[in-house]
Amino acid sequence: SQNERVTTGKLIGEVIATAGLIIVIGVLIARAQTSLIPVVVAGWIGSAYFFTSSTSFANPAITIGRVFSDTFAGIAPISVLPFIAAQLIGAALGMFVVKAVTKVS
């Protein structure tokens, strides 16, 4: 893809998308409602596509895969590492929130 995506807003969007994904999964695990995870993850990613400026990659594998897609949702190779860094930050924030609101250790 040729879509260079490194902007402050898009990286913040990616942090939010990833943190939210980790939070919904972590809370469902803590509540022993794991059967809902597939539906909730699909709902989160589907909606985050529209409410984040980054179009919600929220997963390093998806980020790398979108390098090979020259579409609106694609990502230029030069933008991959900053996006993965934002995802790692989002994952850490998500885990922090999950631990703060649940009894998951």
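Residues numbered from 1 in each chain as written. Predicted model: local features only at pLDDT ≥ 70, side-chain atom pairs only at ≥ 80, totals over all residues. Heavy atoms only, no water.

Q: For this particular structure, what's the right way to read helix 4 (residues 80–101)?
A: An α-helical segment advances 3.6 residues per turn. Residues three or four places apart therefore align on the same side. Here helix 4 spans 31 Å end to end across 22 residues, near enough to the 32 Å set by a 1.5 Å rise per residue. If you follow the buried residues of helix 4, they end up packed against helix 1 (8–30) and helix 3 (60–65). (Helix = DSSP H or I, 4+ residues; strand = E, 2+ residues; numbered from the N terminus. Expected span 1.5 Å × (residues − 1). Contact = heavy atoms within 4.5 Å.)

Q: Teacher, can you tell me more about the confidence of the model for the protein here?
A: For any part of a model where pLDDT is low, the fine detail of the predicted coordinates should not be relied upon. Counting all residues, the mean pLDDT for the protein is 90, and 98% of those residues have values of 70 or more. The weakest mean pLDDT in the protein belongs to helix 3 at 90; the strongest belongs to helix 4 at 95. (pLDDT = per-residue confidence, 0-100.)

Q: Sorry if this is basic, but what is going on with the packing of helix 1 against helix 2 (residues 37–51) here?
A: A pair of packed helices is captured by two measures, namely the crossing angle of their axes and the spacing between those axes. Packing of helix 1 against helix 2 leaves a shortest axis separation of 10 Å and a crossing angle of 160 degrees. For the element pair helix 1 / helix 2, the angle class is roughly antiparallel. Between helix 1 and helix 2 lies a crossing of right-handed hand. Residues Ile16, Ala17, Gly20, Leu21, Val24, Ile25, Leu28 and Ile29 of helix 1 pack against Ile37, Val40, Val41, Trp44, Ile45, Ala48 and Phe51 of helix 2. Of the residues in the contact of helix 1 with helix 2, the class split is 14 nonpolar, one polar and no charged. (Axes fitted to C-alpha atoms, helices over the stretch in contact; angles between N-to-C directions. Parallel < 35°, antiparallel > 145°, perpendicular 65-115°, else oblique. Left-handed = near helix turned anticlockwise from the far one by under 90°. Nonpolar A, V, L, I, M, F, W, Y, C, P; charged D, E, K, R; others polar.)

Q: Just to check I follow, could you spell out unusual backbone geometry for this structure?
A: Only a minority of non-glycine residues have a phi that is not negative, and only a minority of peptide bonds are not trans. The residue Ala32 is not glycine, and still its phi comes out positive at about 55 degrees. With respect to the helices and strands, Ala32 occurs in the loop between helix 1 and helix 2. For Ala32, a relative accessible area of 65% corresponds to the exposed category. Residues other than glycine seldom take positive phi values, yet Ala58 does so here, at roughly 55 degrees. Locating Ala58 in the fold gives a position in the loop between helix 2 and helix 3. Judged by its relative accessible area of 6%, Ala58 is buried. (Buried < 20%, exposed > 50% of the residue type's maximum accessible area, 1.4 Å probe, protein only.)

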